[in-house]
Amino acid sequence: MARVVVDVMLKPEILDPQGQAVQRALPRLGFDGIADVRQGKRFELEVEGPVDAAALARINEMAETFLANTVIEDFTVKIEADEKAEESK
Amino acid sequence: MTARIGVVTFPGTLDDRDSLRAVRIAGAEPVSLWHRDTDLHQVDAVVLAGGFSYGDYLRAGAISRFSPVMETVIEQAKAGMPVLGICNGFQILTEAHLLPGAMLRNNHLHFICRDQKLRVENAETAWTSDYTAGQEISVPLKNVDGRYTADERTLDELEAEGRVAFRYSDVNPNGSLRDIAGITNAAGNVVGLMPHPEHAVEPLIGTGRTDGLGFFTSIIKKLVNA
């Protein structure tokens, strides 16, 4: 079964206080040299049947209407098994 | 006639009982709506109450927005039915694209629970006509995902069209852009806000004031005079 990964990140211009809190904790824990952290979401979809253009189009639609809120978030869609980026947005 | 005002209960909704009570105290007939209802039981208006519908999974309001009851609410709202979204209800309205923008985690990351001062900016919507523009009211605020966000163009548009309905007036409690606490759609029938007017309708509880009652008396006047 092919796995398709949808990564969802806040748009660059949107303040991410959760990422900032993680970044601020790092020096205290001895992890130096990290200038910025942004936190996102990763969805792993196990796809039944072939991951063809039609299946990817549906997954893009799913990401755009449901997995991501495109008012505040960007997303990318990748087929993980082939390790090649099929489509991204 | 007695106006019938529906209040939707999703799994995880918390403030449906208070909203039903506020409707009754204001003088309308409260009607409970269930998230699986596709039929709205002949209500004249709908309140989407606060809480954590579907556990806020994915994003606050993201799953509720696709529930059977919302399919009908969205369709009816577009046809002019008044809808008020309070807190989680406001989040649902933005996810449903009935109102622009989105709600994000509070900039300080804490859950807030306080009496919040608000300035009424638009007293001409279906839900705010019993207030006056510029009036200051105090109602409870309680949320963790209350930071209103939209792109600059949308914010400018909202300001230019008078669609910022409420602004935080003493402090900005969550980093909301331009101190926005609530907005309306262009037609004025769909209003959403983060603070909770339904918790401020009786002198005995909450803030000790009844500043929230105006939402419910406004809509009743509109429905009865319609």
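Residues numbered from 1 in each chain as written. Chains lettered and ligands numbered in written order. Predicted model: local features only at pLDDT ≥ 70, side-chain atom pairs only at ≥ 80, totals over all residues. Heavy atoms only, no water.

Chain B appears in an unreviewed UniProt entry as Phosphoribosylformylglycinamidine synthase subunit PurQ from Streptomyces clavifer. The Subcellular location (unreviewed entry) field of the UniProt record for chain B holds the comment "Cytoplasm". Annotation of chain B in UniProt includes, under Subunit (unreviewed entry), the sentence "Part of the FGAM synthase complex composed of 1 PurL, 1 PurQ and 2 PurS subunits." (UniProt positions renumbered as here; feature names shortened; annotations may be inferred.)

An unreviewed UniProt entry lists chain A under the name Phosphoribosylformylglycinamidine synthase subunit PurS, with Streptomyces clavifer as the source organism. The UniProt entry for chain A carries the following comment under Subunit (unreviewed entry): "Part of the FGAM synthase complex composed of 1 PurL, 1 PurQ and 2 PurS subunits." We quote the UniProt Subcellular location (unreviewed entry) comment for chain A here in full: "Cytoplasm".

A. Focus on the overall build of chain A. Helices and strands together make up the secondary structure of chain A, namely two helices and four strands. Starting at the N terminus, the α and β elements of chain A follow one another as β-α-β-α-β-β. When burial is assessed residue by residue, chain A has 34% of its 89 residues classed as buried. For chain A, restricting intrachain contacts to residue pairs at least 6 apart in sequence, the fraction spanning at least 24 positions comes to 69%. For chain A, the exposed surface amounts to about 5,500 Å²; the carbon and sulfur share of it is 53%. (Helix = DSSP H or I, 4+ residues; strand = E, 2+ residues; numbered from the N terminus. Buried < 20%, exposed > 50% of the residue type's maximum accessible area, 1.4 Å probe, protein only. Contact = heavy atoms within 4.5 Å. Areas by Shrake-Rupley, 256 points an atom, 1.4 Å probe, with all protein chains shown as cover.)

B. Representation of the pattern of salt bridges. Residue and element names in this part refer to chain B. Within this structure, the stated rule accounts for 26 salt bridges over all chains. With its nearest N and O atoms 2.8 Å apart, the salt bridge here joins Arg 167 to Glu 121. Of this pair, Arg 167 sits in strand β9 (residues 164-168) while Glu 121 is found in the loop between β6 (112-120) and β7 (136-143), placing the two residues 46 residues apart along the sequence. Among the salt bridges present, the one from Arg 178 reaches Asp 156, with a minimum N-O distance of 2.8 Å. Remark: Asp 156 occurs in helix α4 (residues 152-160) and Arg 178 occurs in the loop between β9 and β10 (180-184); sequence separation between them is 22 residues. By relative accessible area, which is 29% here, Arg 178 ends up partly exposed. With a relative accessible area of 41%, Asp 156 lands in the partly exposed category. Here the salt bridges share partners, and the residues they tie into one network are Arg 119, Glu 121, Glu 152, Asp 156, Glu 159, Arg 167 and Arg 178. (Salt bridge = Lys/Arg side-chain N within 4 Å of Asp/Glu carboxyl O.)

C. The arrangement of the UniProt feature "active site" (unreviewed entry) in chain B in detail. All names here are of chain B. Mapped onto the present numbering, the UniProt feature "active site" (unreviewed entry) falls on Cys 87, His 196 and Glu 198. The greatest C-alpha distance among the residues just named is 10.8 Å, despite their covering 112 residues of sequence, which places them together in space. Beyond its immediate sequence surroundings of up to four residues, Cys 87 is in contact with Gly 50, Lys 142, Asn 143, Leu 193, Met 194 and His 196. Note that Glu 198 resides in the loop between β11 (190-193) and α5 (213-225). With relative accessibility at 2%, the residue Glu 198 sits in the buried group. A polar side-chain atom of Glu 198 sits 2.8 Å from a polar atom in the side chain of His 196. (Polar contact = N/O pair within 3.5 Å; in protein donor to acceptor, adjacent residues only side chain to side chain.)

D. Seen up close, the sheet that holds β11(B). Residues and elements named next belong to chain B. Read from one edge to the other, the open sheet built from nine strands follows the order β2-β1-β3-β4-β11-β10-β9-β6-β7, with strand pairing classed as mixed. Whereas interior strands pair on both sides, the edge strands pair on one side only; in this sheet they are β2 (29-34) and β7. The sheet shows a mean angle of 25° between the axes of neighbouring strands, direction not considered. The pairing of strand β1 (residues 4-9) with β2 spans six bridges and is parallel. Counted as the bridge partner of Val 8 is Leu 33 from β2. Along the sheet face, helix α3 (residues 88-95) touches β3 (45-48), β4 (83-86), β10 and β11 and points at about 120° away from the line of β4. (Pairing = 2+ DSSP bridges. Axes fitted to C-alpha atoms, helices over the stretch in contact; angles between N-to-C directions.)

E. Region of interest: the packing of helix α1 (residues 16-26) of chain B against α5(B). Residue and element names in this part refer to chain B. With their axes 9 Å apart at the nearest point, α1 and α5 run at an angle of 60° to one another. Relative to α5, the element α1 lies oblique. Note that α1 runs across α5; the crossing there is right-handed. Between α1 and α5, the residues in contact are Ser 19, Ala 22, Val 23, Ile 25 and Ala 26 and Leu 213, Phe 216, Thr 217 and Ile 220, respectively. (Parallel < 35°, antiparallel > 145°, perpendicular 65-115°, else oblique. Left-handed = near helix turned anticlockwise from the far one by under 90°.)

F. Expanded view of the pairing of strand β1 (residues 2-10) of chain A. Of the strand pairs in this sheet, β1(A) and strand β2 (residues 40-47) of chain A are connected by eight bridges, and their pairing is antiparallel. Residue pairing across strands places Val8(A) opposite Lys41(A), the latter belonging to β2(A).

G. Highlighting a nonpolar patch on the surface. Nonpolar side chains collect at one region of the surface, where Leu14(B), Phe52(B) and Phe111(B) lie side by side and expose about 290 Å² of accessible area between them. Tracing the backbone shows Phe52(B) in the loop between β3 and α2 (68-78). (Patch = residues over 30% accessible without salt bridge, like charges linked within 9 Å, V, L, I, M, F, W, Y side chains within 5 Å.)

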